[in-house]
Amino acid sequence: MTKKVYLVPNRCLGCEECIEACAKEHEWAARNYVEWIDMVYPVQMHCSHCVDAPCARVCPVDAIKTTEEDAIVIDEAVCIGCGNCALVCPFGIPRFSGSTKKVVKCDLCIDRQREGKEPACVENCPTHALVFIDIEEYETPKRERAARRILEAGTYLREILMPQEG
Amino acid sequence: MAGVSRLQMPPNFRIIRVMCSGRVDPLFILAALEDGADGVIVAGCHPGDCHYISGNLKAERRVRFLKDILKHIGLSERVEMEFISASEAQKFQEVITNFTNKIKKLGPCPVKRETSRDIRISEERQKRDYIHELVISFAESMNFEPEGPIEFPEDDIMEGYGFPKYDADKCIGCGACYRVCPEQVLVLNDVNGVRTIGHYYFNCRTCGDCAEICPKEAIEIKKRFDLRAFLSIEPAKDIDLELRQCKNCGNFFAPELQLDDIRTTIAKGDKEKGFVGVEFPKNIFDLCPECKRKIAAGNVKQIYVLSR
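Everything quoted here is computed from the prediction, not taken from an experiment.

The rules behind these values
- The residue numbering used here restarts from 1 in each chain and proceeds along that chain's sequence as written.
- Chains carry letters and ligands carry numbers; both start at the beginning, A for chains and 1 for ligands, and go up in the order they are written.
- Predicted model: local features are reported for residues with pLDDT of at least 70 only, side-chain atom pairs are reported and counted for 80 or more only, and whole-chain, interface and lining totals are derived from all residues.
- Heavy atoms from the whole structure form the basis of all side-chain values; hydrogens and water molecules are not counted.
- Helix and strand definitions here come from DSSP, where helices need a minimum of 4 consecutive H or I residues and strands a minimum of 2 consecutive E residues; each element is numbered from the N-terminal end.
- Here the globule rule reads 2.2 Å times residues to the power 0.38, and the radius of gyration is calculated from C-alpha atoms.
- Only protein chains enter the accessibility calculation, which uses a 1.4 Å probe; a residue is then buried when its area is under 20% of its type maximum, exposed when over 50%, and partly exposed in between.
- Whether two residues are in contact is decided by their heavy atoms, any of which lying within 4.5 Å being enough.
- Fitted lines through C-alpha atoms give the axes, limited to the stretch in contact for helices. The angle between two N-to-C directions lies from 0 to 180 degrees.
- Should an angle fall under 35 degrees it is taken as roughly parallel, and over 145 as roughly antiparallel, whereas 65 to 115 is taken as roughly perpendicular and any remaining angle as oblique.
- By definition, any crossing whose near helix is turned counterclockwise from its far helix by less than a right angle is left-handed, and any crossing with a clockwise turn is right-handed.
- Charged residues are taken to be Asp, Glu, Lys and Arg, nonpolar residues to be Ala, Val, Leu, Ile, Met, Phe, Trp, Tyr, Cys and Pro, and polar residues to be all remaining types, Gly included.
- Buried area: the accessible area, evaluated with a 1.4 Å probe, that two parts lose upon being put together, summed over both parts.
- Every case where a carboxyl oxygen of Asp or Glu lies within 4 Å of a side-chain nitrogen of Lys or Arg is listed as a salt bridge.
- Distance and chemistry together define a polar contact, namely a pair of N or O atoms within 3.5 Å, with one atom able to donate a hydrogen and the other to accept it when in protein, and with adjacent residues in sequence counting only for side-chain atoms on both sides.

Undergrad: Whenever I open this one, the overall build of chain B confuses me. Can you help?
TA: Of regular secondary structure, chain B possesses nine helices and eight strands. Expected size for 308 residues packed as a compact globule is a radius of gyration near 19 Å; at 28 Å, chain B overshoots this value by more than 25%. Judged by the C-alpha coordinates and their principal axes, chain B covers about 105 × 45 × 40 Å. The proportion of buried residues among the 308 residues of chain B is 42%. Across chain B, every contact between residues at least 6 apart in sequence was considered, and the portion connecting residues at least 24 apart equals 72%.

Following this line, the structure appears as structure tokens:
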């Protein structure tokens, strides 16, 4: 039961409140992104907190660790700014912070989590396009809906298209 | 003491009192020569008598270093260090008189400026900048141009002069050294698909932060003073690295060696941390991080389309 931040794309307005909330929480250097696809589809992106994180593997000073919340976090004090994590990430998430010249990325707001709050981006999203839940919680309603549609299709098939076959 | 003993002194010298000769910075001496002093004597207590233990020995070493530099430029007779105790009135008179006569024979200092320069220092780096500027200016006025490197023997070099030496077999070009350097000694430039790392010799104070932070231990701090390098305002080039080009946007985004190193680290795995080695596909570094992000985001667009 580990909670992560997920995007529900069709609720996203592209207001970028999540970016401002993240920046406010992290010394005015946001760790998330909003990519605009074809100029009209906003897609919020943040660290996936991979279970087997390539960034943690390639850090030469072991600055990247998994916390008890299953979040992958870069320890700023240890980071030397080599950029290995930024280069290996399949999603291109870690970035160089202009002020410290070290690498920063989403830390799932573990400081806020430990105070019982949700990550800043989730709390500030006006349309609840960002949700803080376990992956199972996210998938189960989708599976149920799909199962229901299969059932309806089966019923339609049985009673309307081919009523002879009892 | 000399005054009290009514000894005759030349009229054209000025005393600047400091608590210990160890307080005298090479910058003071250079600035004095530029400001109108025709000669400078640093007078300290005899070795072993220093109230601050070793201030006088430090002063002696600094003056010796400065004289070595000025010797090449042609000004070294104008700077001297003397050991005189407070009670040696006679010696004080002799030293000053002899020095004044010597300077009279040499004539006025050729590097004197017309207008006074206002020097204000609030950090170490500015001091090094000023010393550098003054030495260059003196060399120019005296028409001194070194033809080749002028290396000083290691014992004569003052503390804090040296440079980082790069081992080309180990460096992967990550740039951590460039980002950590507190004095902006190192330069890193990406031009035409090649990354060049170099250093401004005169700024390095051999703190060793770069050597400590290098993930490949490719840097060694060498204590060295080369007058020609010191007089140069161009950075010395240390190492060249090829950069990889993104197949999507065409930007040069990372050194090939760093990407190879990442691939090797992943393939090796780590028994202690429980990472099993993984072979990355050949094309995994074909794209820069920005393009990877945009393409991953592009995959999400399908959900928008599907949900219509």
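Next comes the rest of the description.
Undergrad: Looking at this structure, I do not really get unusual backbone geometry. What am I missing?
TA: Glycine aside, residues mostly have negative phi angles, and peptide bonds mostly take the trans form. Residue and element names in this part refer to chain A. Phi angles above zero are rare outside glycine, and glutamate 27 is one such case at about 50°. Assignment of secondary structure puts glutamate 27 in the loop between helix 1 (17–25) and strand 2 (33–37). Its identity is not glycine, yet aspartate 62 carries a phi of approximately 55°, on the positive side. The topology assignment puts aspartate 62 in the loop between helix 2 (54–58) and strand 4 (64–66). For aspartate 62, a relative accessible area of 33% gives the class partly exposed.

Undergrad: Honestly, the packing of helix 1 (residues 26–35) of chain B against helix 4 (residues 124–141) of chain B in this entry has me stumped. Any pointers?
TA: Angle between the axes and distance between the axes: these two values describe a pair of packed helices. All names here are of chain B. Relative to each other, helix 1 and helix 4 sit at 40°, their axes nearing to 10 Å. For the element pair helix 1 / helix 4, the angle class is oblique. The handedness of the crossing between helix 1 and helix 4 is left-handed. Note on element contacts: helix 4 touches helix 1 through Lys127, Tyr130, Ile131, Leu134, Val135, Ser137 and Phe138, opposite Pro26, Leu27, Leu30, Ala31, Leu33 and Glu34. The residue makeup of the contact of helix 1 with helix 4, split by class, is ten nonpolar, one polar and two charged.

Undergrad: It is not clear to me how the interface of chain A and chain B should be interpreted in this structure. Could you clarify?
TA: One widely used convention gives an interface's size as the accessible area the parts lose upon coming together. Listed as interface residues are 33 residues of chain A and, on the opposing side, 35 residues of chain B. Carbon and sulfur atoms supply 65% of the area that chain A and chain B bury against each other, a total of about 2900 Å² over both sides. Seen at the junction of chain A and chain B, the total is three salt bridges. Here chain A is connected to chain B by ten residue pairs in polar contact (both at pLDDT 80 or more). Elements supplying a minimum of two residues to the side of chain A that touches chain B: strand 2, strand 3 (41–45), helix 2 and helix 3 (84–88) of chain A. Residue classes in the side of chain A that touches chain B are distributed as 22 nonpolar, five polar and six charged.

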